[in-house]
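If you want the building blocks of each chain, they are given just below.
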Amino acid sequence: MAQSQQPATRKAAIVGGNRIPFARSNSAYAQASNQDMLTATLDGLVARFGLQGESVGEVVAGAVLKHARDFNLTRESVLGSKLAATTPAYDVQQACGTGLEAAILVANKIALGQIESGIAGGVDTTSDAPLAVSEDLRRVLISLNGAKTVQERLKALARIRPGMIAPEMPRNAEPRTGLAMGDHAAITAAEWEIGREEQDELAARSHRSMAAAYDRGFFDDLVTPFLGLTRDNNLRPDSSVEKLATLKPVFGTGEGATMTAGNSTPLTDGASAVLLASDEWAEAKGLPVLAHLVDAQTAAVDYVHGGEGLLMAPVYAVPVLLARNGLTLQDFDFYEIHEAFASTVLATMKAWEDPAFCKEKLGLDAPLGSIDRSKLNVHGSSLAAGHPFAATGGRIVASLAKMLHEAGPGKRGLISICAAGGQGVVAILES
Amino acid sequence: MADWYTTFANSGVGTTITKQLGLPRPVELRRYEPGQPLLPGPVVVGSAGQGRLRDTVTAVLRDAGVTVQSPVTADGGTDGEKLGAVVLDATGLTGPADLAGAHDFLAPALERLRSSGRVLVLADPPAAAGSPARAAARQAVDGLVRSIAKELRGGSTANAVFVPEGAEESLAAPLRFFLSGRSAYVDGQLLTLSAADVPANPDEEKPLAGKVAVVTGAARGIGAAIAEVLSRDGAHVVAVDVPAAGEQLARVANAIGGTAVALDITAEDAGPRLVQQLVARHGGVDVVVHNAGITRDKLLVNMDAARWNSVMAVNLQAQLDITQALLDAEGALKPGARIVCVSSQSGIAGNRGQTNYAASKAGVIGMVRAWAPEFAERDATINAVAPGFIVTEMTAKMPFGTREIGSRINSLQQGGLPVDVAETIAWLSQPASAGVNGQTVRVCGQSLLGA
Ligand SMILES: NC(=O)c1ccc[n+]([C@@H]2O[C@H](COP(=O)([O-])OP(=O)(O)OC[C@H]3O[C@@H](n4cnc5c(N)ncnc54)[C@H](O)[C@@H]3O)[C@@H](O)[C@H]2O)c1
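The name given to chain B in an unreviewed UniProt entry is 3-oxoacyl-[acyl-carrier protein] reductase, with Blastococcus xanthinilyticus as the source organism.

With an unreviewed UniProt entry as reference, chain A is termed Acetyl-CoA C-acetyltransferase, source organism Blastococcus xanthinilyticus. Under Sequence similarities (unreviewed entry), UniProt gives the following word-for-word description of chain A: "Belongs to the thiolase-like superfamily. Thiolase family."

Draft legend 1. Molecular detail of the pairing of strand S8 (residues 236–241) of chain B. Residues and elements named next belong to chain B. In terms of residue burial, S8 counts as a mostly covered element, since 5 of its 6 residues are buried. The parallel pair strand S7 (residues 212–216) and S8, bridged by helix H8 (residues 221–232), forms a crossover whose chirality is right-handed. In the sheet, S8 pairs with strand S9 (residues 259–262) via 4 bridges, with the strands oriented parallel. Bridge pairing in S9 places aspartate 241 opposite alanine 262. On the question of chirality, the crossover connecting S8 to the parallel S9 by way of helix H9 (residues 246–255) is right-handed.

Draft legend 2. Region of interest: the domain arrangement of chain B. All names here are of chain B. Under the domain assignment used here, chain B contains domain 1 (20–192) and domain 2 (212–443). Computed from C-alpha atoms alone, the centre-to-centre distance between domain 1 and domain 2 is 29 Å. Each partner contributes to the interface: domain 1 provides 28 residues, whereas domain 2 provides 27 residues. Taken as a group, Arg31, Arg182 and Tyr185 account for 31% of the area that domain 1 buries against domain 2, more than any other trio of residues on that side.

Draft legend 3. View of the sheet that holds S8 of chain B. All names here are of chain B. Strand order across the open sheet formed by 7 strands is S9-S8-S7-S10-S11-S12-S13, with parallel pairing between neighbours. Whereas interior strands pair on both sides, the edge strands pair on one side only; in this sheet they are S9 and strand S13 (440–443). Adjacent strand axes in the sheet meet at a mean angle of 20 degrees when their direction is disregarded. Across the sheet, H8 is in contact with S7, S8 and strand S10 (285–290); its angle to S7 comes to roughly 170 degrees.

Draft legend 4. Layout of the nonpolar core. Residue and element names in this part refer to chain B. Grouped together as the largest cluster of nonpolar side chains are 69 residues, with contacts concentrated most on Val57, Leu61, Leu171, Leu230 and Trp427. Of the residues forming this core, the biggest block, 7 residues, is contributed by H8. Residues lining this core come from more than one domain, with at least three contributed by each of domain 1 (20–192) and domain 2 (212–443). Excluding anything up to four places from it in sequence, tryptophan 427 contacts Ala173, Pro174, Phe177, Phe178, Leu191, Ser433, Val436 and Val441.

Draft legend 5. Examining the packing of aromatic side chains more closely. Enumeration according to the criterion identifies 11 aromatic pairs over all chains in this entry. Ring centres of tryptophan 192 of chain A and phenylalanine 357 of chain A lie 5.3 Å apart, and the angle between their planes is 75 degrees; this geometry places the pair in the edge-to-face category. Placement of tryptophan 192 of chain A in the loop between helix H7 (181–191) and helix H8 (196–215) and of phenylalanine 357 of chain A in helix H13 (residues 355–360) is noted, with a sequence separation of 165 residues between them. In this structure phenylalanine 357 of chain A comes out as buried when scored by relative accessible area, which is 7%. On the basis of an interplanar angle of 0 degrees and a centroid distance of 4.0 Å, the ring pair of phenylalanine 177 of chain B and tryptophan 427 of chain B is categorised as stacked.

Draft legend 6. Summary view of the pattern of salt bridges. Counted under the stated rule, the structure contains 31 salt bridges over all chains. The partner of glutamate 116 of chain A in a salt bridge is arginine 10 of chain A, with the nearest N and O atoms 2.9 Å apart. Here glutamate 116 of chain A, found in the loop between helix H3 (98–111) and strand S5 (117–124), pairs with arginine 10 of chain A, found in the segment before strand S1 (12–19); they are 106 residues apart in sequence, far enough to count as distant. On the basis of relative accessibility, which here comes to 34%, the residue glutamate 116 of chain A falls in the partly exposed class. Assessed through its relative accessible area of 26%, arginine 10 of chain A is described here as partly exposed. The residue glutamate 247 of chain B makes a salt bridge to arginine 251 of chain B at a minimum N-O spacing of 3.6 Å. Placement of the pair is glutamate 247 of chain B and arginine 251 of chain B together in helix H9, with a separation of 4 residues, close to one helical turn. Judged by its relative accessible area of 21%, glutamate 247 of chain B falls in the partly exposed class. Here arginine 251 of chain B falls in the exposed class, since its relative accessible area comes to 54%.

Draft legend 7. Geometry of the interface of chain B and chain A. If you look at the interface, chain B gives 15 residues, while chain A gives 21 residues. Here chain B packs against chain A, burying approximately 1,300 Å² in sum over the two surfaces, 47% of which is carbon and sulfur. Ranking the residues of chain B by area buried against chain A places Glu247, Asn254 and Arg281 of chain B at the top, with a combined share of 49%. Here chain B and chain A share 1 salt bridge between them.

Draft legend 8. Region of interest: the environment of aspartate 70 of chain A. Residues and elements named next belong to chain A. Along the chain, aspartate 70 turns up in the loop between strand S3 (58–61) and helix H2 (73–80). For the pair aspartate 70 and alanine 261, spaced 191 residues apart in sequence, the C-alpha separation works out to 30 Å. With sequence-adjacent residues up to four places away left out, aspartate 70 is seen in contact with Asn34, Gln35 and Asp91.

Draft legend 9. Fine view of the sheet that holds strand S4 (residues 113–123) of chain B. All names here are of chain B. Within the open sheet, the 6 strands sit side by side as S2-S1-S3-S4-S5-S6. Their pairing is parallel. Two strands in the sheet have a free side with no partner beyond their single neighbour: strand S2 (68–69) and strand S6 (190–192). Judged from the 6 bridges that link them, strand S3 (residues 83–89) and S4 form a sheet pairing that is parallel. Note that in S4 the partner of valine 86 across the bridge is valine 119. Across the face of the sheet, helix H3 (residues 54–63) comes into contact with strand S1 (43–47), S2, S3 and S4 while running at roughly 170 degrees to S1.

Draft legend 10. Highlighting the site of the ligand. All names here are of chain B. With respect to spatial proximity, 26 residues lie near the ligand, and among them Arg220, Ile222, Asp241, Asn291 and Tyr357 are the closest. Here a nitrogen atom of the ligand sits 2.8 Å away from a polar atom, N or O, in the side chain of aspartate 264. Between the ligand and glycine 388, the relevant distance is 3.5 Å, taken from an oxygen atom to a main-chain nitrogen or oxygen of the residue. Protein coverage of the free-state accessible area of the ligand, which is 820 Å², stands at 92%. According to the grid-proximity analysis, the pocket containing the ligand is the largest pocket. Only H8, helix H13 (355–377) and helix H14 (393–396) provide two or more residues apiece to the shell around the ligand. Among the residues forming the shell around the ligand, the class breakdown is 12 nonpolar, 10 polar and 4 charged.

Draft legend 11. Summary view of the packing of H8 of chain A against helix H12 (residues 342–353) of chain A. Residues and elements named next belong to chain A. Following both chains from N to C, one finds H8 and H12 inclined at 110 degrees, their axes separated by 9 Å at the closest point. The angle between the axes of H8 and H12 places the two elements in the roughly perpendicular class. Of the residues in H12, those touching H8 at Glu198, Gln199 and Leu202 are Ala342, Ser343, Val345 and Leu346. The residue inventory of the contact of H8 with H12, partitioned by class, reads 4 nonpolar, 2 polar and 1 charged.

Draft legend 12. The arrangement of the pairing of S3 of chain A in detail. Residues and elements named next belong to chain A. Side chains of S3 alternate between two faces, with Glu58 and Val60 and Val59 and Ala61 buried alike. Relative to S5, S3 is paired through 3 bridges, and the arrangement is parallel. Within S5, the position partnered with glutamate 58 by the bridge is glycine 118. In this sheet, strand S4 (residues 89–91) lies alongside S3 in parallel orientation, the contact comprising 3 bridges. Considered in S4, the bridge of valine 59 is made with alanine 89. For the crossover that starts at S3, traverses H2 and ends in the parallel S4, the hand is right-handed.

Draft legend 13. Local environment of the UniProt feature "active site" (unreviewed entry) in chain A. Residue and element names in this part refer to chain A. Listed under "active site" (unreviewed entry) in the UniProt record, and renumbered for this structure, are Cys96, His387 and Cys418. Taken together, the annotated residues stretch across 323 residues yet fold into one region, lying no more than 12.0 Å apart by C-alpha. Within the secondary structure layout, histidine 387 lies in the loop between helix H14 (382–385) and helix H15 (392–407). Once residues within four sequence positions are removed from consideration, histidine 387 is found in contact with Cys96, Thr265, Pro266, Thr268, His338, Ser382 and Thr392. Mapped onto the elements of the fold, cysteine 418 is located in strand S11 (residues 412–419). Ignoring sequence-local partners within four residues, the contact set of cysteine 418 consists of Cys96, Leu311, Pro314, His338, Ala340, Thr344, Gln423 and Gly424.

Draft legend 14. The arrangement of the packing of H3 of chain B against helix H7 (residues 172–179) of chain B in detail. Residues and elements named next belong to chain B. For the pair H3 and H7, interaxial distance at closest approach is 10 Å and the crossing angle is 60 degrees. Classified by the angle between their axes, H3 and H7 sit oblique to one another. For H3 against H7, the interelement crossing comes out right-handed. Across the interface between the two elements, Val57, Val60 and Leu61 from H3 touch Ala172, Leu175, Arg176 and Leu179 from H7. Classifying every residue of the contact of H3 with H7 gives 6 nonpolar, no polar and 1 charged.

Quick notes on the rules
Residue numbers here run from 1 along each chain, matching the order of that chain's written sequence. As a convention, the first chain written is A and the first ligand written is 1, with the rest following in written order. A pLDDT threshold of at least 70 governs which residues receive local features in this predicted model, and a stricter bar of 80 or more applies before side-chain atom pairs are shown or counted, although totals over entire chains, interfaces and linings include all residues. Just so you know, side-chain values use all the structure's heavy atoms and leave hydrogens and water out. UniProt positions are given in the numbering used here, feature names are shortened, and annotations may be inferred rather than shown by experiment. For every residue, the accessible area obtained with a 1.4 Å probe (protein chains only) is divided by the maximum for its type, and the residue is called buried under 20%, exposed over 50%, and partly exposed between those limits. Under the scheme used here, helices are H or I runs from DSSP no shorter than 4 residues and strands are E runs no shorter than 2 residues, and both carry numbers assigned from the N terminus. Handedness is read with the strands pointing away from the viewer; a crossover is right-handed when the path from the first strand over the helix to the second is clockwise. Here the rule is simple: two strands pair whenever DSSP picks up at least two bridges between them. The split into domains, and so the bounds of each, comes from an automatic or database assignment of domains. What makes two residues a contact is simply this: any of their non-hydrogen atoms within 4.5 Å. Note: buried area is the sum, over both parts, of the accessible area (probe 1.4 Å) each one loses when the two are combined. All axes here are fitted lines through C-alpha atoms, helices being fitted over the stretch that makes contact, and every angle between N-to-C directions spans 0 to 180 degrees. What we call a nonpolar core is a set of buried Ala, Val, Leu, Ile, Met, Phe, Trp, Tyr and Cys residues that are connected through their side-chain atoms within 4.5 Å. Between 30 and 60 degrees the pair is tilted, below 30 it is stacked and above 60 it is edge-to-face, where a pair is any two Phe, Tyr or Trp rings, Trp via its six-membered ring, whose centres lie within 6.5 Å. Any carboxyl oxygen of Asp or Glu within 4 Å of a side-chain nitrogen of Lys or Arg constitutes a salt bridge here. By convention in these notes, a residue is near a molecule or strand provided one of its non-hydrogen atoms lies within 4 Å of it. We call two N or O atoms a polar contact when they sit within 3.5 Å, provided that within protein one can donate a hydrogen and the other can accept it, with sequence-adjacent residues counted only if both atoms are side-chain atoms. Under the convention used here, a 1.4 Å probe and the Shrake-Rupley method define accessible areas, while residue burial counts only the protein chains that appear. Method remark: on a 1 Å grid restricted to protein atoms, a set of points is classed as a cavity if a 1.4 Å probe fits but cannot get out and as a pocket if it is open with protein on both sides within 12 Å along at least five of seven lines; lining residues have an atom within 4 Å of a point. Cavity and pocket membership follows a simple rule, namely that a molecule belongs there if more than half of its atoms are within 2 Å of the grid points. The residue classification treats Ala, Val, Leu, Ile, Met, Phe, Trp, Tyr, Cys and Pro as nonpolar and Asp, Glu, Lys and Arg as charged. All others, Gly included, are polar. Working rule for angles: under 35 degrees goes down as roughly parallel, over 145 as roughly antiparallel, 65 to 115 as roughly perpendicular, anything else as oblique. Left-handed describes a crossing whose near helix is turned anticlockwise from the far helix by less than a right angle; the clockwise case is right-handed.

What follows is the structure, given as structure tokens:
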């Protein structure tokens, strides 16, 4: 009897990454499209690793806000890049988890031996975002398109009313609740009693840590300038709790509102890419192996009816990942918890420390416990860099891989990213 | 691409005007292109004195597919064909009287030289001549060649190569360089060879095939041209520039299939970081071009410490530190390595407002001279190239008058192009250039400054 051949698996190596500096919405990249940014990011990666004319196994990337014309965004970007035109590509989208999910997909194919190398990426623009017209106007325009005679066309045009003209701007809102993501986060912040000051502290630390990392050249081989921008323009090296304390809350209501523009991420444009490979491929090319992607997990919560916070899914994903890998929450040298909002990071950690929550919601005998804050987002995170949704995962994977590599062999890092729709993507990297 | 004046001077009306007004009449220089023959016409080889190099010269030229004529036909003018080059073997001069032979040979030969022609004089080095009369005759070559260079028109150049006894093997690569289009903007120069084990180039079309070359300041200007030319000659280029120039740097690297490294060469750990990258990714490096450089001009009395220090740090200290780091790290410099350091005409002539810059660039010349013996022991070389007025983004920002004068006060009556500097560097980087060590080659069209 033929035995089913289980393919042997291996761990995918993270060779390096590249991103363009992130830019606040409608600033440096106001005229750049998703394809422009992703192509430039791929080209920066190609230049760094000498991949001109090379065909990598697969390029996987995505964008959260996408024009209809970008239906094949990643493949089109590959064709515009210096990679060989014979490089296959596909798009993925899992909201803010897109970049990390893309890396997991590439890593899994490498693990299975289906590809030897791959690039995972993500891009988003809130400046060149698709603009929708009102449903009424859309109907008129469609019938105009179908009109055959001049009379028919004029008749169709005559149906346009001034009220139809106002475009529907894209909103960062949950379709099922109509609430902005920040409003959801504010509910969670209130539930977990996350104070204003600790949020501002986390934000200030993020800015200062990232500025210091830039100053010591940490990002020299992770970032390639684009359109004249050399650093993330959201970065405030002189950020302080005192300055942040002066800002008015923008999410939540009344006395208890704590979330400001300073401790929430702004709308941001940018792109990132990570080069993954088998150890053999990297070795043959003389390329480094910074770390391996060990394992990953996704989770989702019912934030509509289930009473769980919109951005709390990673809290559920991490214990599953830890159990499968026989690790405790304390077994890590670095933690990268995506700073969608300072309060999200703080609520996530508080939940892991809470015996009742861990028992009732996570089904654990004991709480996961606390994590050493000095190991958290040590080179800053999204509050400093900004958060172009699909590009954040690639930023974190490449930076963490480099941090682990610098720390030496056998170091471990945990990535936790929350996403719209009540989802979470988490992963373990190891040097 | 010629500059506006050269284009104008060669246009119909421009020719008339410039001739009538006695204005400079620069021509478009013959520049190297792959596949091009070494010379566009035959060479006449003559000698003054005993001449021990004629056979070597003839063999190298025949090998390169060049027709070699003897002085008899040059004098009589057999078919009147214009000459691509004139080579005088002036080795073995015993005293000034022997120089008459140089005059006898050169005068009629130069008449037949075509535009962008080449005059090359080979001689014994004046130092250690053995007698004052010999030394006088050898040194006379210096004045002779520099003057011929000034008399030649139509983009032609004259240079001299001093070949010490025992360094005959070293001659082939310099001979090819000075006659070829690669040396378009090298004029009035005197190069001294040394004895060395001279490997052959793997392929004259791809002399750097299989080599790894690092170029600093490669994002633009002369550095970008160096990266392109080294790549054209077969090298894999590791292009280095400051992180802020990363976008242009990536473009340069991608255009030539190279690798981009964002690195400030003045960073404390720049040497080790570069070494690590070169060893891990490329198994070491064959060619290092220290090109990155900055100017921070001010009269000395007005110059603050920041201007002084930043220029020294980029232009001189970083070259020293990175070279030392490469020497110290096991396996970083591959056997037969070539280091080329970019100096400047200001480092030779000095320049008002450039005390910091000129000091740093003069320092580079001293550095390569001092390091040459240590490199020779490793079968490696270290040389400097001193560009004159080279048309780049930097010079485009100069006031019109300064720029025009700067570009005309040389024997070729025009500014050089980045590619001219790059060609010289690529030549010094060749395996066959083993016998050129500790030298500073000016790429200045025989500038009047510091000549
Ligand atoms: N253009 C001329 O006429 C001329 C004449 C003589 C000598 N030179 C020399 O030639 C070299 C190139 O000049 P250019 O005209 O191309 O200048 P350029 O300014 O166009 O290019 C110099 C490059 O060096 C880079 N650089 C500067 N500091 C650096 C650092 N700390 N680390 C890494 N890279 C750094 C710059 O970013 C730039 O890309 C310089 O050494 C210059 O002094 C130029």
